[in-house]
Amino acid sequence: MNTILLLIIVLITLEYVLERVLYGLNARDFGKPLPAELAGIYDDEKYQKQQEYSKAKYKMGIVTATISLVVELVAFGFGLFGWLDGVLREALGGIGDNTILFTVLLSLLFFVIVAVVNEIIDIPSEYYSTFVIEERFGFNKSTKKLFWIDQLKGIVVAVIIASILISLVTWIFAEIPEWFWLLAWGVLALFQIFILMFYSNIIVPLFNKQTPLEEGELRSKIEAFAEKAGFKLNNIYVMDSSKRSTHANAYFTGLGSKKRIVLYDTLIKQLTPDEIVAVLAHEVGHYKKRHTMTMLIESLASTLVMFFILGWALSSPELSIALGGPAQPVFHLGLIAFAMLYSPISTILGIVTNISSRKHEYEADAFAASYGLANDLISALKKLSSESLSNLQPHKALVFVHFSHPTLLQRITSLKKCGISFIPNPKPLP
């Protein structure tokens, strides 16, 4: 076992231990009395149900994480990635291993097989989570037929998208290695922007129906707020999420003329029109404060740095050898080894991103509050937390590492401060 392989195994194990410690600390706080600010969200019976739900998800998390650890240790420890590379090389031998077609097909088949195997390993836990845990606590509305159709669609969509990206990136690595880091980053950046703009138009319809919000009180109130806030809004859609789950949400997506707001139909059932306007005001706040663009730029910048390091690392045959491959640089083996070695940096960047994201959430809440919607937003957040059986007191360490949003208590405290001096009729923002 060489040094790189040993380091990969150590990092995988340390990540597992860190995650179990974080979630263990979180589980230790289950059952704590709720502070006065959160009183009334749960009665005694529902709070007990919420605790049982949290415990069930915690136990399930331990099982899935342990299975993932074992699979990764076996794959790396027994050189299965190098073995798969060898099998595929032999199968494609007739093409000629010095051709660009051979290189692209080798990486493409390698990643597709790894991704499909990984998905097959994950399906049992997804099935159990949906039809045992979510079913037990009244959230699941999906049928087994719909579940399997979703799985098949998800695999097909992922394979198609991944095939295009992998083929392009592998071709760049083989043909223009000196500029691989920049050109590959450019491909990923364009794809990221494309998904941001067209995700709701292209990907979502494969799984859910989106229909324009019908005329009525809710649409009138949303449009009135949008006009007051100086926010041009033509696209308001309702998504039929209730066919899978009772969980509610809303999201803002797209840029420029492609921007749209999507409401889950479950959100409309759970909240009043004023509360929904407050939730959308929060989403509009993200747009007005340019959070979407800021996060995109930050993501592209960190990805550029990663690709620069990756371009240097892939030129080394040691990464291929560590995974049991040939003594030469191999794109797909080097990429997997690099991803494992880069994981500590990725974790740190994730923490920084979450800190920035939580700051953005406070700012978006303050934007909604500036239009006199603090109380409606607080009411909406409480209802959504109650309906979702949310853990209202997650451990601070878990929040710091993994949470992209502040806790409910933190948001309520901040909103109350904002609501003291809200502007009843502010001027439209530029």
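Residues numbered from 1 in each chain as written. Predicted model: local features only at pLDDT ≥ 70, side-chain atom pairs only at ≥ 80, totals over all residues. Heavy atoms only, no water.

A. Focus on the overall build of the protein. A count of helices and strands for the protein gives 15 helices and four strands. Its C-alpha atoms give the protein a radius of gyration of 24 Å, within 12% of the compact-globule value 22 Å for 430 residues. In terms of overall dimensions, the protein has C-alpha extents of about 70 × 45 × 40 Å along its principal axes. Long-range pairs, those at least 24 residues apart, make up 76% of the contacts in the protein with a sequence separation of at least 6. (Helix = DSSP H or I, 4+ residues; strand = E, 2+ residues; numbered from the N terminus. Rg over C-alpha atoms; globule rule 2.2 N^0.38 Å. Contact = heavy atoms within 4.5 Å.)

B. Examining the side chain of glutamine 270 more closely. Topologically, glutamine 270 is positioned in helix H8 (residues 265-270). Of the residues examined, glutamine 270 reaches a relative accessible area of 18% and is grouped as buried. Setting aside residues no more than four positions away along its own chain, glutamine 270 makes contact with Thr246, Ala248, Lys383, Leu384 and Glu387. (Buried < 20%, exposed > 50% of the residue type's maximum accessible area, 1.4 Å probe, protein only.)

C. Summary view of a nonpolar patch on the surface. A cluster of nonpolar side chains, contributed by Val63, Ile67, Val71, Leu109, Ile113, Val117 and Ile121, occupies part of the molecular surface with about 500 Å² of accessible area. At four residues, helix H4 (residues 100-136) tops the list of elements feeding residues into the nonpolar patch. Take isoleucine 67: it is sitting in helix H2 (residues 44-77). By relative accessible area, which is 43% here, isoleucine 67 ends up partly exposed. (Patch = residues over 30% accessible without salt bridge, like charges linked within 9 Å, V, L, I, M, F, W, Y side chains within 5 Å. Areas by Shrake-Rupley, 256 points an atom, 1.4 Å probe, with all protein chains shown as cover. Salt bridge = Lys/Arg side-chain N within 4 Å of Asp/Glu carboxyl O.)

D. Inspection of the packing of helix H10 (residues 291-313) against helix H12 (residues 331-369) at higher detail. Closest axis-to-axis distance for the H10/H12 pair is 11 Å, and the angle between their directions is 165°. Relative to H12, the element H10 is oriented roughly antiparallel. In this structure, the crossing between H10 and H12 has a hand that is right-handed. Each of His291, Thr294, Met295, Glu298, Ser302, Met306, Ile309, Leu310 and Ala313 in H10 lies in contact with H12, whose residues at this interface are Leu335, Phe338, Tyr342, Leu349, Thr353, Ser356, Ser357, His360, Glu363 and Ala364. A breakdown of the residues in the contact of H10 with H12 according to their chemical character gives 10 nonpolar, seven polar and two charged. (Axes fitted to C-alpha atoms, helices over the stretch in contact; angles between N-to-C directions. Parallel < 35°, antiparallel > 145°, perpendicular 65-115°, else oblique. Left-handed = near helix turned anticlockwise from the far one by under 90°. Nonpolar A, V, L, I, M, F, W, Y, C, P; charged D, E, K, R; others polar.)

E. A look at the sheet that holds strand E4 (residues 260-264). If you trace the four strands from one edge of the open sheet to the other, you get E1-E2-E4-E3, paired in mixed fashion. Since the sheet does not close on itself, it has two edges, and those belong to strand E1 (210-212) and strand E3 (250-253), each with one partner. Neighbour-to-neighbour, the strand axes of this sheet turn through a mean angle of 30°, independent of strand direction. In the sheet, E3 pairs with E4 via four bridges, with the strands oriented antiparallel. (Pairing = 2+ DSSP bridges.)

F. Geometry of unusual backbone geometry. Unusually for a residue other than glycine, arginine 290 sits at a positive phi of about 60°. For arginine 290, the position within the fold is in the loop between helix H9 (273-288) and H10. Even without being glycine, leucine 389 reaches a positive phi, approximately 55°. Within the element layout of this structure, leucine 389 appears in the loop between helix H13 (374-387) and helix H14 (396-402). For leucine 389, a relative accessible area of 4% gives the class buried.

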